[in-house]
Amino acid sequence: MGRVTIAFTVVIVAAVIGSIASYQVKPANYEKLLEKQKKFDEAFEKEFYVEHTKYVETGERSERLEEMFEHIRQKPDMFRLEMDNHPLPYVTVECTACRALLTTYLTYRRVLGWDRDRIAEQAASTCGTLNILTPENCLKLVNKNIDILLYIIDNRPALTAQTMCGIIFQSGSCVLEDPSFLNWSINVAAGGRPITGSKTSQNRGASDLKIIHITDVHYDPHYRTGYNAVCGEPCCCREGQGIPANPANGAGEWGDYRDCDSPWKAVEDAVRAAARQHPDAAYVYYTGDIIDHGVWETTVAGNIVSMTRTYQLFRDVFGSKPVYTVLGNHENNPTNVFAPSYIDRSDFSARWLYDFSADQWATWLPTATQQTIRQGGYYTALVRPGFRIIGMNNNDAYTFNWWILYDPSYLTTQLQWLHDTLLQAEAAGEKVHILAHIPIGAGTSYRTWARQYRRILDRFWDVVTAQFHGHTHADEFNVFYSLANPQHAISVGFNGGGTVPFSNYNPNYVVYYVNPQDYQVTDFESWYFSLTEANQNPNRNPIWTQLYSFSRDFQLSNVSPASLDGLVRRFASNPTDLRRYWEFKVKRGDPFIAAGCTGDCLLNHLCEIVTNEANDDSKCNALAAIFRNLDDELFDEDK
C-alpha cells in the first residue's frame, strides 16, 4: 500500500509513501483544536506565498521562509506510512504544507501564467528542499505527474487548494466542503431482506472450500542483495543506491524490513509455498500490487514485464486452478492515477493497463468479462452455480488518484455497475465475494465513494458474503456495520496482508475456509516466515509456518460478522487479546515487536477494525469509552 508534483510537492509525498494504514484516535477536544489550527493554516499559507514569491524573484530564501520550510519538512520515517497512519501532529503539519504549497503554485499558474517547465523546475526544487527524494529523482517524479495535474487545474478553474487538500487528507483542517465532491450518489433499488440483527454463519466444517489469498508481492526487478537498505529514500535495496560501508545496512537475501520491496526469488518462493502447502485449495485470490515502490522511475514497458512474469508464475504454479485477481494502485503508470474512460489522451489513459489485464486474465476468466475489464479494469464471473465473484478496480477512489479532482462523478459508473450486478445476483439466488485492492473505510478511501459503497452493502448484505482486500500489507480484518442500524454487523473485509516485507513486516499469505452452501467464511489462517531467520540462512528457502488459526487462537465458534463484532468488543475490555491481534496483524515483524504497542497504539488498531468511512468516528468513540479516557494532547502549545 498501498504510495505528483507541485505541491505539487505534498502531492509528491502522496505518491511515494508506503501502504501501512492505521486509524488515529481523536482527542476529546478535537473540534476546538481544529478551529485553532484552521486559523493557523490560513495565516501560514498567506505568509508562505509572500515569502516564496520573494524567493522566486531574488533567488534567496529569507530566514522566515527557511523557518517555514523547516516547519513543513517531511519526517523521513513517514515515507513508509500511509497518510492515515501518520500521528495526528504530523497530519496537521502535512495539511498545513498542502494548503500553503498548493495555494502558492495555483497562483503561479493561474494568475502569473507560469508555464509547465517553470512549474516543474520549481516543484522539483521544493521536493528536494523538503528531503522527499534526491534532486534527480524529484525531477523524475514531477515530470511523471505534472502534465496530468496541470490538465486538471487548467480545466477546473474553480478547483481550490482547500478542496484538493480535503480530498487528499480527508481529516484535520483539510476539510472537504465542496458540495460537488460530497453530494453525488448512485441509484439503489428498494427491497432486500431487512437487517434485523448482526449476520451469523455456520461453524467450520469438513466439507468447506479452501481459498488461498495472496496479495502485494511488490516485485522489484532492481532489488540487489547487499545493496543499501538505509538509503534515505522511500524505497531502498535497489541497484544504483550502492553498497553501504557497513554490511549490516545491506539488503537481505530474501527481502528486508527497511523500506524494501521483494526480490524475484522471494516472490516465487511465496507463491510456490502456498501451492505446496495447500494443494487442496479450490481457488486463489490475488488482490493487487505487483509493481514496486520506485514510483519515480516506473515505466509502462517495465510494469508490463513485471506483471507478465508474475502472472506467468501463477499459471505455472497453480496450473488449471482458477486465479481471481484485481489491480493494485501501483500497476498503472504513473502510480495511483486512473483516468475516466472518456479521457482519451494516450499519455493519460489507463487503457493500456486494462487491455493488458484483459489479455492476461483471460486464462482464468470467461470471455464475458472482457468488456468491463477493457473499459475500467473490473469484472464479474460465476465461479460455480450459486457463487459469483466481483473483481473491482477501486483504485479510482484512492484519494491519491488525481482524477477525482477533475470529475468525482465518474466514480459512479463502476459503483452503479456493482449495484446492478448484485441486483442480478440476488434475483438468481447467488452469493458473492467482492475483491478489491483498497480497503473500504481506510482514510485513503474517498469518503463519498465509501458512503455509496456502504449503501450498496446495506442493500445487499445478504448477497455479499465476504470482501477481500490488500494494500496495507497488514494481516487484518474490518467489520462493516449497517448505516441505519450501526449496532448490527453485516459484513467483514478480510485483508491478505502481503508477501512483501515493506516495511517492518514478515511475508505472509492467508487461507480461508468457506461454507460450500452459503459461501460465508467460517475460519481463516495465516502462514508466514521470519525474515530475520531466513536472511540468517540465505542458502536455503525460508521456513513457512502457521502464524495463527483465527477461531482457535481467539476461542471463536466462527468468524461471522456477529462473532467478530463480539471479538472487537472483547478487545476493548481485554488489552491482552487486543495485543495478540496486533502481533498477528504485524505478522510478528521484528521491528514492530521491538517497538511494542500499548495504550494509544492499541486503541488506534482497535478503532481501525470498525471504521467504515473516513471521519465517521462513532464506533471508535464507543470502544474508546471502554478502553480508556481520551488524551487531550494533540498540538504543541507553541502553535
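- The name given to the chain in an unreviewed UniProt entry is Sphingomyelin phosphodiesterase, with the source organism recorded as Anopheles dirus.
- UniProt, in the comment section headed Subcellular location (unreviewed entry), describes the chain in these words: "Secreted".
- UniProt, in the comment section headed Sequence similarities (unreviewed entry), describes the chain in these words: "Belongs to the acid sphingomyelinase family."

Focus: the overall build of the chain
Argument step 1. Secondary structure summary: the chain contains 22 helices and 12 strands in total.
Argument step 2. Taken against the 2.2 N^0.38 rule, which gives 26 Å for 639 residues, the C-alpha radius of gyration of the chain at 23 Å falls within 12% of a compact globule.
Argument step 3. Taking the principal axes of the C-alpha coordinates as reference, the chain spans close to 75 × 55 × 50 Å.
Argument step 4. Buried residues in the chain amount to 64% of all 639 residues.
Argument step 5. Surface accessibility of the chain: about 21800 Å² in total, with carbon and sulfur atoms responsible for 49%.
Argument step 6. Between the averaged position of the 57 positive side-chain charges in the chain and that of its 75 negative side-chain charges there is a distance of 4 Å.

Considering helix α22 (residues 618-627)
Argument step 1. Those residues of α22 lying buried are Cys-620, Leu-623, Ala-624 and Phe-627. Within α22, the buried residues cover an arc of 105° as seen down the axis, which keeps them to one side.
Argument step 2. In this structure, the buried side of α22 is in contact with α18 (561-573), α19 (575-585) and α21 (600-610).

Focus on the packing of helix α2 (residues 30-58) against helix α3 (residues 63-72)
Argument step 1. In the contact formed by α2 and α3, the axes pass within 9 Å of each other and the chain directions differ by 130°. The orientation of α2 with respect to α3, classified from their angle, is oblique. Relative to α3, α2 is oriented so that their crossing is left-handed. Residues Phe-40, Phe-44, Glu-47, Phe-48, Glu-51, His-52 and Tyr-55 of α2 touch α3, and the partners they reach there are Arg-64, Leu-65, Met-68, Phe-69, His-71 and Ile-72.

Digging into the pairing of strand β4 (residues 379-384)
Argument step 1. Of the strand pairs in this sheet, β4 and strand β5 (residues 387-391) are connected by five bridges, and their pairing is antiparallel. Considered in β5, the bridge of Tyr-379 is made with Gly-391.
Argument step 2. Hairpin remark: β4 followed by β5, antiparallel, with two residues in the connecting loop; positive phi at Gly-386, about 90°.

Comments concerning the side chain of Asn-401
Argument step 1. Within the element layout of this structure, Asn-401 appears in the loop between β5 and α13 (403-406).
Argument step 2. According to the relative accessible area criterion, Asn-401 is buried, its value standing at 0%.
Argument step 3. From its side chain, Asn-401 meets the backbone nitrogen of Phe-338 in a polar contact 2.9 Å long.
Argument step 4. The contact partners of Asn-401, leaving out residues within four places of it in the chain, are Asn-336, Val-337, Phe-338, Asn-395, Asp-396 and Tyr-410.

Brief notes about the domain arrangement of the chain
Argument step 1. Assigned domains within the chain: domain 1 (9-182), domain 2 (221-260) and domain 3 (261-632).
Argument step 2. Each of domain 2 and domain 3 has a C-alpha centre, and these two points are 27 Å apart.
Argument step 3. Each side of the interface is counted separately: domain 2 has 15 residues, and domain 3 has 31 residues.
Argument step 4. Both sides of the domain 2 and domain 3 interface together cover about 1800 Å² of buried area, and 58% of this is carbon and sulfur.
Argument step 5. By the criterion of area lost to domain 3, the three top residues of domain 2 are Glu-253, Trp-254 and Tyr-257, representing 52% of everything that side buries.
Argument step 6. The interface formed by domain 2 and domain 3 includes three salt bridges.
Argument step 7. A salt bridge links Arg-238 to Glu-297, with the shortest nitrogen-to-oxygen separation between them at 2.3 Å.

Some remarks on the pairing of strand β7 (residues 464-469)
Argument step 1. Across the six residues of β7, six count as buried, placing the element largely inside the fold.
Argument step 2. The sheet contact formed by strand β6 (residues 431-435) and β7 spans four bridges and is parallel. Bridged to Val-432 within β7 is Val-464.
Argument step 3. Here three bridges tie β7 to strand β9 (residues 489-495), and the two strands are oriented parallel to one another. Residue His-469 lies in a different strand from β9, and its bridge partner there is Asn-495.

Examining the sheet that holds strand β3 (residues 323-325)
Argument step 1. Pairing is mixed across the open sheet formed by six strands, whose spatial order is β3-β2-β1-β10-β11-β12. Edge positions in the sheet fall to β3 and β12 (545-549), since each of these pairs with one other strand and no more. Ignoring strand direction, the axes of neighbouring strands in this sheet form an average angle of 25°.
Argument step 2. With five bridges joining them, strand β1 (residues 209-214) and strand β10 (residues 508-514) adopt antiparallel strand pairing. From the neighbouring strand, Leu-209 faces β10, where its bridge partner is Val-514.

Points about the nonpolar core
Nonpolar side chains tend toward joint burial in soluble globular proteins.
Argument step 1. Residues Ile-214, Phe-318, Tyr-324, Phe-477, Phe-494, Phe-550 and Leu-564 are the most contacted members of the largest nonpolar core, which totals 104 residues.
Argument step 2. It is helix α9 (residues 264-277) that contributes the most residues to this core, eight residues altogether.
Argument step 3. With residues up to four places along the chain from it excluded, the contact list for Phe-477 reads Val-492, Gly-493, Phe-494, Phe-550, Leu-564, Leu-567, Val-568, Tyr-581 and Ile-609.
Argument step 4. In this structure, Val-91, Cys-165, Ala-425 and Val-463 belong to the second largest nonpolar core, which totals 61 residues.

Some remarks on the pattern of salt bridges
Two side chains with opposite charge may pair up if their charged atoms get near one another.
Argument step 1. Evaluated as defined, the whole model comprises 39 salt bridges.
Argument step 2. The closest approach of N and O atoms between Arg-238 and Asp-220, which form a salt bridge, is 2.9 Å. Taken together, the residues Arg-238 in the loop between β1 and α9 and Asp-220 in the loop between β1 and α9 connect sequence positions 18 residues apart.
Argument step 3. Assessed through its relative accessible area of 2%, Arg-238 is described here as buried.
Argument step 4. In this structure Asp-220 comes out as buried when scored by relative accessible area, which is 2%.
Argument step 5. One continuous salt-bridge network, built from bridges that share partners, spans Asp-220, Arg-238, Asp-292 and Glu-297.

Some words on the packing of aromatic side chains
Argument step 1. A full pass over the atoms with the stated rule returns 44 aromatic pairs.
Argument step 2. A centroid spacing of 5.7 Å and a plane angle of 80° characterise the contact between Tyr-105 and Tyr-108, whose relative ring orientation is edge-to-face. Of the two residues, Tyr-105 and Tyr-108 both sit in helix α4 (residues 88-110), three residues apart, roughly one turn of that helix. Pair check on accessibility: Tyr-105 and Tyr-108 agree, each one buried.
Argument step 3. Ring centres 5.2 Å apart and planes at 70° place the aromatic pair Phe-494 and Phe-524 in the edge-to-face group. Here Phe-494, found in strand β9, pairs with Phe-524, found in strand β11 (residues 521-528); they are 30 residues apart in sequence, far enough to count as distant.
Argument step 4. Taking the ring centre of Tyr-55 as reference, the NZ or CZ of Arg-61 above it sits at 5.0 Å.
Argument step 5. For Arg-156, the ring lying beneath its charged end belongs to Tyr-406, and the centroid distance is 4.0 Å.

Reading the values: rules and limits
- Residues numbered from 1 in each chain as written.
- Predicted model: local features only at pLDDT ≥ 70, side-chain atom pairs only at ≥ 80, totals over all residues.
- Heavy atoms only, no water.
- UniProt positions renumbered as here; feature names shortened; annotations may be inferred.
- Helix = DSSP H or I, 4+ residues; strand = E, 2+ residues; numbered from the N terminus.
- Rg over C-alpha atoms; globule rule 2.2 N^0.38 Å.
- Buried < 20%, exposed > 50% of the residue type's maximum accessible area, 1.4 Å probe, protein only.
- Areas by Shrake-Rupley, 256 points an atom, 1.4 Å probe, with all protein chains shown as cover.
- Lys, Arg positive; Asp, Glu negative; His and termini not counted.
- Charge placed at Lys NZ, Arg CZ, Asp CG, Glu CD.
- Arc of directions from axis to C-beta.
- Contact = heavy atoms within 4.5 Å.
- Axes fitted to C-alpha atoms, helices over the stretch in contact; angles between N-to-C directions.
- Parallel < 35°, antiparallel > 145°, perpendicular 65-115°, else oblique.
- Left-handed = near helix turned anticlockwise from the far one by under 90°.
- Pairing = 2+ DSSP bridges.
- Polar contact = N/O pair within 3.5 Å; in protein donor to acceptor, adjacent residues only side chain to side chain.
- Domains from an automatic or database assignment.
- Buried area = accessible area lost by both parts, 1.4 Å probe.
- Salt bridge = Lys/Arg side-chain N within 4 Å of Asp/Glu carboxyl O.
- Core = buried A, V, L, I, M, F, W, Y, C linked by side-chain atoms within 4.5 Å.
- Phe/Tyr/Trp six-rings, centres within 6.5 Å; stacked < 30°, edge-to-face > 60°.
- Lys NZ or Arg CZ within 6 Å of the ring centre and 35° of its normal.

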